[in-house]
There are 2 protein chains.
Amino acid sequence: MSVLFPRVALIGLGLIASSIAHAARRAGVAGEIVGYDVSGDVRDTAREIALCDRITDTPDAAVVDADLVILCVPPGAMGSVARQIGAALKPGAILSDVGSTKRSVIDAVMPYVPGNVSFIPAHPLAGTEHSGPRAGFASLFDNRWCIIVPQEDTPADRLQMLQDFWQALGANTEVMDADHHDRVLAVTSHTPHLIAYTMVGVADDLGRVTDSEVIKYSAAGFRDFTRIAASDPTMWRDVFLNNKDATLEILGRFTEELFALQRAIRQGDGDHLHAYFTRTRAIRRGIIEAGQDTAKPNFGRGIEDVSESKG
Amino acid sequence: MSVLFPRVALIGLGLIASSIAHAARRAGVAGEIVGYDVSGDVRDTAREIALCDRITDTPDAAVVDADLVILCVPPGAMGSVARQIGAALKPGAILSDVGSTKRSVIDAVMPYVPGNVSFIPAHPLAGTEHSGPRAGFASLFDNRWCIIVPQEDTPADRLQMLQDFWQALGANTEVMDADHHDRVLAVTSHTPHLIAYTMVGVADDLGRVTDSEVIKYSAAGFRDFTRIAASDPTMWRDVFLNNKDATLEILGRFTEELFALQRAIRQGDGDHLHAYFTRTRAIRRGIIEAGQDTAKPNFGRGIEDVSESKG
Ligand SMILES: NC(=O)c1ccc[n+]([C@@H]2O[C@H](COP(=O)([O-])OP(=O)(O)OC[C@H]3O[C@@H](n4cnc5c(N)ncnc54)[C@H](OP(=O)(O)O)[C@@H]3O)[C@@H](O)[C@H]2O)c1
Ligand SMILES: NC(=O)c1ccc[n+]([C@@H]2O[C@H](COP(=O)([O-])OP(=O)(O)OC[C@H]3O[C@@H](n4cnc5c(N)ncnc54)[C@H](OP(=O)(O)O)[C@@H]3O)[C@@H](O)[C@H]2O)c1
């Protein structure tokens, strides 16, 4: 693959930025990669592991002469970063981001984007429960979707360049408007995360079933929730504050359905439960057929994996 | 390992029974394994794959002269199977089960247990989202817990024999009373399953976010729920009908917490959200340190796994 952008700047050097750096190197699509993070520790780590070609000590220094700038900070920090770098952006550059919410990021960033820069928001649907500059790896985006949210005045050739970049990183791209993105993600990501956090919080709270029992017997289902509920608290706080309406709407639907199932349990209505539990199987099949998850039992986690991690 | 039981009978030849058969063979602890299932198709499959040494066409024929009989049918069928086999049980035999609820199974089975037979309920905390006689594998119970629920009059030597059996199958055993078991499982298994079913049901229901989008973008979190929500509907209907009180109690706590988080989102209370999301990380660490899950990102499912399953 040939170089698509002579200079790429990454702001916020966590899981996503470090994965972009590794994947861009693997693909050879970035001439030079420059990075900045607000945390001195993170910058030190990034230098130590040679994550980028160069790490700067200020955000505006990182974006000078960059052809593509990607904001990889938590959603709530996007606006202040945009304010810091806006004036230093190169005319003709593409500014993008990877935030998990889109409407609020656009509202926060747009005021600081100079007229000669194209702001094209994006969101790669790929992640793990780990964070920080050491968490990234080159294959994170392989076969995953990256949703791109062009603005009304985004030039077609700029949009194409950003799509080419994400495809070179291994992703499939899809174009969507911001509000639709936020609704889709409320269902497929934000509400599931909130529910997982809640379930784990409940288990943590119970006095009668002691912590150690919750942990010991977690393989019966609970452990699947704990992975999601171990995700970064700052990012997820920002997600919920920034996708409030869509998340609350889906949560409302969730609560309704949960009450109906609760009533069926209380009344001993086995037919209702059986019908409900049958319907949900089809979705799993669809996900496996679409190549979005493994068909192996228990996600393929073998006993070797578990023993391996045993301290 | 030497033979612990000259003849073992398995009733209900699904995931759990077939895994017991494979694991018992691997360990060499059963002289002969006899099986029965209510479904002719399942019996045919079991014969075809030589799951047991012998498959009988009636339940009572299977248990004749068996030293250990394990009921592996859904919780709601335990009572009727006990009624069918009670009179045919060998004096001195151990009768056990693997049901996911314990109080209700004891109430249903106990009336049919002859005085000269020891009924010792058990529950291996191991499973996958698959079912049927082909779903089993020998390592399912390795390093997993099997909870054993002796009755007041269970002789110590019988209890020991059943513990030895499950340990030979790879499990760690723990003794608990039925009510405590049902409460622990309501937290670690039953409520998480109900919540996963609900979330998947909500996604399935939404008209605006089309099914295909839910599937396409599921890797952002939702797919983790679909695995659990693909579990056997009959078994799970029975679980909720048979562990009603404990499940409803935990669901009540869950709803309270969810409402508090919902309020925090509505009011923009980022501190509450951040504090909650921080607390839940510790549980995940505990589970990994206890060897009950893999530390690998995304449960270690690699892109290879996913592509492999791509049809
Ligand atoms: N993780 C996922 O699953 C996932 C998936 C898709 C998209 N995303 C999105 O990707 C973005 C980054 O997530 P991540 O998982 O990579 O998080 P991460 O590993 O926590 O990395 C974020 C980095 O940004 C730094 N940062 C915070 N505020 C900053 C600022 N004002 N200027 C410069 N750097 C700043 C953080 O430093 P400190 O640690 O010192 O705060 C941290 O090093 C978020 O917008 C998130 O919504 C995440
Ligand atoms: N799956 C898990 O994760 C898990 C974990 C621990 C414990 N358990 C417990 O293990 C037991 C079996 O679960 P499983 O996952 O192995 O289920 P499964 O794969 O669906 O197997 C159950 C088998 O029992 C048969 N059956 C139903 N009623 C019967 C009857 N009256 N007489 C004889 N056979 C009958 C079923 O036949 P049909 O298909 O024709 O109905 C089916 O073949 C349940 O009590 C469950 O609570 C399950």
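Residues numbered from 1 in each chain as written. Chains lettered and ligands numbered in written order. Predicted model: local features only at pLDDT ≥ 70, side-chain atom pairs only at ≥ 80, totals over all residues. Heavy atoms only, no water.

The name given to chain A in an unreviewed UniProt entry is prephenate dehydrogenase, with Ketogulonicigenium vulgare as the source organism. Under the UniProt heading Sequence similarities (unreviewed entry), the entry covering chain A gives this text: "Belongs to the prephenate/arogenate dehydrogenase family." Per UniProt, chain A has the following entry under Pathway (unreviewed entry): "Amino-acid biosynthesis; L-tyrosine biosynthesis; (4-hydroxyphenyl)pyruvate from prephenate (NAD(+) route): step 1/1." (UniProt positions renumbered as here; feature names shortened; annotations may be inferred.)

**A short note on the nonpolar core**
One finds Val69 and Leu95 of chain A together with Val69 and Leu95 of chain B to be the most contacted residues of the largest nonpolar core, which totals 134 residues. Apart from residues lying up to four places away in sequence, Val69 of chain A is in contact with Ala9, Ile11, Val63, Ile85, Leu89, Ile94, Leu95 and Ser96 of chain A. (Core = buried A, V, L, I, M, F, W, Y, C linked by side-chain atoms within 4.5 Å. Buried < 20%, exposed > 50% of the residue type's maximum accessible area, 1.4 Å probe, protein only. Contact = heavy atoms within 4.5 Å.)

**Re the sheet that holds strand 7 (residues 122–124) of chain A**
All names here are of chain A. With mixed pairing, the three strands of this open sheet are ordered in space as 7-8-9. Edge strands, defined here as strands with exactly one partner in the open sheet, are strand 7 and strand 9 (172–175). Across the sheet, the mean angle separating the axes of adjacent strands is 20 degrees when strand polarity is ignored. (Pairing = 2+ DSSP bridges. Helix = DSSP H or I, 4+ residues; strand = E, 2+ residues; numbered from the N terminus. Axes fitted to C-alpha atoms, helices over the stretch in contact; angles between N-to-C directions.)

**A closer look at the site of ligand 1**
All names here are of chain A. Lining the immediate surroundings of ligand 1 are 28 residues, of which Ile16, Asp37, Val73, Ser100 and Gly132 lie closest. Within the contact set of ligand 1, an oxygen atom lies 2.7 Å away from a side-chain nitrogen or oxygen of Asp37. For ligand 1, whose accessible area on its own is 900 Å², the fraction buried by protein is 82%. Those elements that place two or more of their residues in the shell around ligand 1 are helix 1 (15–27), helix 4 (78–85) and strand 7. When grouped by side-chain class, the residues that make up the shell around ligand 1 number 16 nonpolar, ten polar and two charged. (Near = heavy atom within 4 Å. Polar contact = N/O pair within 3.5 Å; in protein donor to acceptor, adjacent residues only side chain to side chain. Areas by Shrake-Rupley, 256 points an atom, 1.4 Å probe, with all protein chains shown as cover. Nonpolar A, V, L, I, M, F, W, Y, C, P; charged D, E, K, R; others polar.)

**Side note on the environment of Ala62 of chain B**
Residue and element names in this part refer to chain B. Within the fold, Ala62 resides in helix 3 (residues 59–63). The class for Ala62 is buried, based on a relative accessible area of 0%. C-alpha of Ala62 to C-alpha of Asp37: the two residues are 25 residues apart in sequence and 9.7 Å apart in space. Beyond its immediate stretch of four places on either side in the chain, Ala62 contacts Ala9, Ile11, Val34, Gly35, Tyr36 and Thr56.

**Let's talk about the relation of the copies chain B and chain A**
Superposition of chain B onto chain A requires a rotation of 180 degrees combined with a translation of 0.0 Å along the rotation axis, giving an RMSD of 0.0 Å. Within this description, the copies of the chain are treated as partners about a two-fold rotation axis. (Least-squares fit on C-alpha atoms with pLDDT ≥ 70 in both.)

**Topic: the packing of helix 7 (residues 178–205) of chain A against helix 10 (residues 233–242) of chain A**
To characterise two packed helices, one gives the angle between the axes of the helices and the distance between these axes. Residues and elements named next belong to chain A. Where helix 7 meets helix 10, the closest approach of the two axes is 11 Å, and the angle between their N-to-C directions is 125 degrees. Classified by the angle their axes make, helix 7 and helix 10 are oblique. Between helix 7 and helix 10 lies a crossing of left-handed hand. Facing Ser189, His190, His193, Leu194 and Tyr197 of helix 7, the residues of helix 10 in contact are Trp236, Val239 and Phe240. Its residues assigned to classes, the contact of helix 7 with helix 10 shows five nonpolar, three polar and no charged. (Parallel < 35°, antiparallel > 145°, perpendicular 65-115°, else oblique. Left-handed = near helix turned anticlockwise from the far one by under 90°.)

**A few points about the sheet that holds strand 1 (residues 5–11) of chain A**
Sheet architecture is open: six strands sit in the order 3-2-1-4-5-6 (chain A), paired in parallel fashion. A strand with exactly one partner marks an edge of an open sheet, and here the two such strands are strand 3 (54–55) and strand 6 (118–119) of chain A.

**Some thoughts on the site of ligand 2**
All names here are of chain B. Near ligand 2 there are 28 residues, and of these Ile16, Asp37, Val73, Ser100 and Gly132 occur at the shortest range. At a separation of 3.2 Å, a nitrogen atom of ligand 2 approaches a polar backbone atom of Val38. Separating an oxygen atom of ligand 2 from a backbone N or O atom of Val73 is a distance of 2.6 Å. Sorting the residues of the shell around ligand 2 by element identifies helix 1 (15–27), helix 4 (78–85) and strand 7 (122–124) as the ones contributing at least two each. Considering only residue class, the shell around ligand 2 consists of 16 nonpolar, ten polar and two charged.

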